[in-house]
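Take a look at the letters that make up each chain.
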Amino acid sequence: EEAMRFYQEILRQSRTAEAARAYLKDRQLSPEIVEAFGIGYAPAQDVILRWAEKKGYDQPLLVQSGLLARDEERDRIYDRFRDRLMFPIRDASNRVLAFSGRILPGDERGSKYLNSPETPIFRKSRVLYALDRARKAMIDSRTCVLCEGQIDVIRCHSVGITNAVAGLGTALTEEHARVIKRAADTVILVMDADTAGQNSALRSAGIFLAAELSVKAAALPAGDDPDSLIIKRGGAAMQEVLDKAKSFVDFQIDVLAAREDIKSEAGFRRTVRTVLETIQQAESPVQRDHLLREAAQRLGMGESVLREDLNRMGRRRFTPETPASEENAEPVAAPPPVEERALAHLLLHHPEAAPL
């Protein structure tokens, strides 16, 4: 918390932060927004090292917190963050856990963002950017808007879309899904219209389905992200994108149809199998059934045929493979039908349904 205020002070007053202030102005991030999100600036010098000495903090503590780093070869300690805009990362209780540092235009360093390393209080797999500000809106709307970048989230909040959060540049995890599940029932994946954005959404959908979250996909216009769309066309345009978010099955079929020749038998079969593999990841039998009906309608297939294929995939998934050398061994008993597994799951997790 103290380091955040120190970085803010440098951004506001230091001559070394002129380029950072100009960048924020160019990005149309007002002083009010910068203040609200605690954005600061880390200059190119070892300022935290000197600041810590004045404050009386031990160097090992600052290294452990991720503010300082150790160069083993040269046997020296230095500021981890240099010449970067500093975005504080908070937990749901509004406590500063870590930082994400962004390079300025013209900087040739490899990665645009540098996050604090994992520490005893910071685990990337459990933290979402701006969750502290978004949690109440997520609870009220039961919906989480998941963006790709921090500035996208800040821009969404600035126009009243306050249930927006973002990951921290790492793959989304089951723990992220559980964090969202505590506040929301539905997650809207906001992605760029390019292939990378689509692939990112396709990878993360199964994680959210396994957490029993409803998943939707909101496709942005080509060449836009939430930040650029809101700057050009305002918050209403972004809200319209969210309102038009498709169910994930619809989105996945659209993506596959653009990549596959689904008029051919092989292409159609691959599409059906990929969609069923996604549906299979849904933990809730009710959700799985709903997605199956939706897929059948969209693909123009009989629901019973699609269900039979899904059950067959489920049986293969739970049947151990028999090595060739054991062909004459006792046959492995077939696993119970998928419907029986689903019923057992329902009774275990919802015993109040037993009389029904």
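Our subject is the structure that appears above.
Residues numbered from 1 in each chain as written. Predicted model: local features only at pLDDT ≥ 70, side-chain atom pairs only at ≥ 80, totals over all residues. Heavy atoms only, no water.

### Remarks on the overall build of the protein chain
Let me state the cut-off plainly: Here a strand is any run of E in DSSP of at least two residues, a helix any run of H or I of at least four, and the numbering for each starts at the N terminus. Burial classes: relative accessible area under 20% of the type maximum marks a residue as buried, over 50% as exposed, and values in between as partly exposed (1.4 Å probe, protein chains only). Computed with a 1.4 Å probe, the accessible areas rest on the Shrake-Rupley method; for each residue, only the protein chains presented here act as cover. Positive charges are assigned to Lys and Arg, negative charges to Asp and Glu, while His and the chain termini are left out of the count. Just so you know, the charge point we use is NZ for Lys, CZ for Arg, CG for Asp and CD for Glu.
Check the secondary structure of the protein chain and you find 16 helices and 11 strands. Based on the C-alpha atoms only, the size of the protein chain along its principal axes is roughly 75 × 50 × 45 Å. A total of 356 residues make up the protein chain; the buried ones form 45% of that total. Put simply, the protein chain shows about 19,200 Å² of open surface, and 50% of that area lies on carbon and sulfur atoms. Mean positive and mean negative side-chain charge positions of the protein chain (51 and 54 charges, respectively) differ by 4 Å.

### A short note on the sheet that holds strand β9 (residues 186-191)
So the rule is basically this: Two strands qualify as a pair provided DSSP detects at least 2 bridges between them. We call two residues in contact when some of their heavy atoms are within 4.5 Å. Simply put, an axis is a line fit to the C-alpha atoms, just over the touching stretch for a helix, and the angle between two N-to-C directions goes from 0 to 180 degrees.
Pairing in this open sheet of five strands is mixed, and the strands run β8-β7-β9-β10-β11 from one edge to the other. Because the sheet does not close on itself, it has two edges, and the strands there are β8 (164-166) and β11 (246-247). Two strands pair when backbone bridges link them, and strand β10 (residues 214-219) and β11 are joined in this way by two bridges, in the antiparallel orientation. When the sheet's bridge partners are listed, Lys 216 is paired in β11 with Ser 247. Contacts between helix α6 (residues 131-141) and the sheet are confined to β7 (143-147) and β8, with β8 contributing the most and set at about 130° to the helix.

### A few points about the packing of aromatic side chains
What characterises a pair of aromatic rings is the spacing of the ring centres plus the angle enclosed by the ring planes. Rules: Any two rings among Phe, Tyr and Trp, with Trp reduced to its six-membered ring, count as a pair given centres within 6.5 Å; such a pair is stacked if its planes are under 30 degrees apart, edge-to-face if over 60, and tilted if neither.
The final tally for this structure, using the stated rule, is seven aromatic pairs. For the ring pair Phe 6 and Tyr 7, a centre distance of 6.5 Å and an interplane angle of 40° mean the geometry is tilted. A relative accessible area of 23% places Phe 6 in the partly exposed class. Ring centres of Trp 51 and Tyr 57 lie 5.8 Å apart, and the angle between their planes is 45°; on these two criteria the pair is classed as tilted. Members of the aromatic cluster, each reached through a chain of ring pairs, are Phe 6, Tyr 7, Trp 51, Tyr 57, Phe 81 and Phe 99.

### Overview of the layout of surface pockets
The following threshold applies: Every definition here rests on a 1 Å grid over the protein atoms only: cavities are sets of points where a 1.4 Å probe fits but cannot get out, pockets are open sets enclosed by protein on both sides within 12 Å along at least five of seven lines, and lining residues have some atom within 4 Å of a point. Grid points are joined across faces, edges and corners, and a volume is the space filled by probe spheres set on the points.
What the largest pocket holds in volume is close to 760 Å³. Listed by contribution, the elements that provide at least two residues to the lining of the largest pocket are β5 (96-102), β6 (113-115), β7, α7 (150-158), β9 and α9 (195-210). Among the elements that take part in the lining of the largest pocket, α9 stands out by supplying six residues, more than any other.

### Focus on helix α8 (residues 174-181)
Which entries qualify depends on this criterion: Read the arc as the range of directions from the helix axis to the C-beta atoms.
Among the residues of α8, His 176, Ala 177, Val 179 and Ile 180 are the ones counted as buried. Seen along its axis, α8 keeps its buried residues to an arc of 160°; they face one direction. Contact partners of the buried residues in α8: α6, β7, β9 and α9.

### Let's talk about a nonpolar patch on the surface
Spelled out, the test is: The residues that make up patches have over 30% relative accessible area and no salt bridge, and they are joined within 9 Å when like-charged or within 5 Å when they are Val, Leu, Ile, Met, Phe, Trp or Tyr. A carboxyl oxygen of Asp or Glu within 4 Å of a side-chain nitrogen of Lys or Arg is what we treat as a salt bridge.
Taken together, the side chains of Leu 343, Leu 346 and Leu 347 make up a nonpolar region of the molecular surface, amounting to roughly 250 Å² of accessible area. Within the element layout of this structure, Leu 346 appears in helix α16 (residues 338-349).

### Structural notes on the pairing of β9
To be explicit about the condition: Whether a crossover is right-handed depends on one test, that the path from the first strand over the helix to the second runs clockwise when the strands point away from the viewer.
The buried count for β9 comes to six of six residues, which makes it a mostly enclosed element. Of the two faces of β9, the one holding Thr 186, Ile 188 and Val 190 and the one holding Val 187, Leu 189 and Met 191 are both buried throughout. As defined by bridge partners, β7 adjoins β9 across four bridges and the pair is classed as parallel. When the bridges of β9 are listed, Thr 143 appears paired with Thr 186. Bridge count for β9 against β10 is six bridges, and the pairing is parallel. Across the sheet, the residue bridging to Met 191 is Ala 219, located in β10. The β-α-β motif built from β9, the intervening α9 and the parallel element β10 has right-handed crossover chirality.

Everything listed here is a matter of geometry and, on its own, says nothing about what the molecule does.
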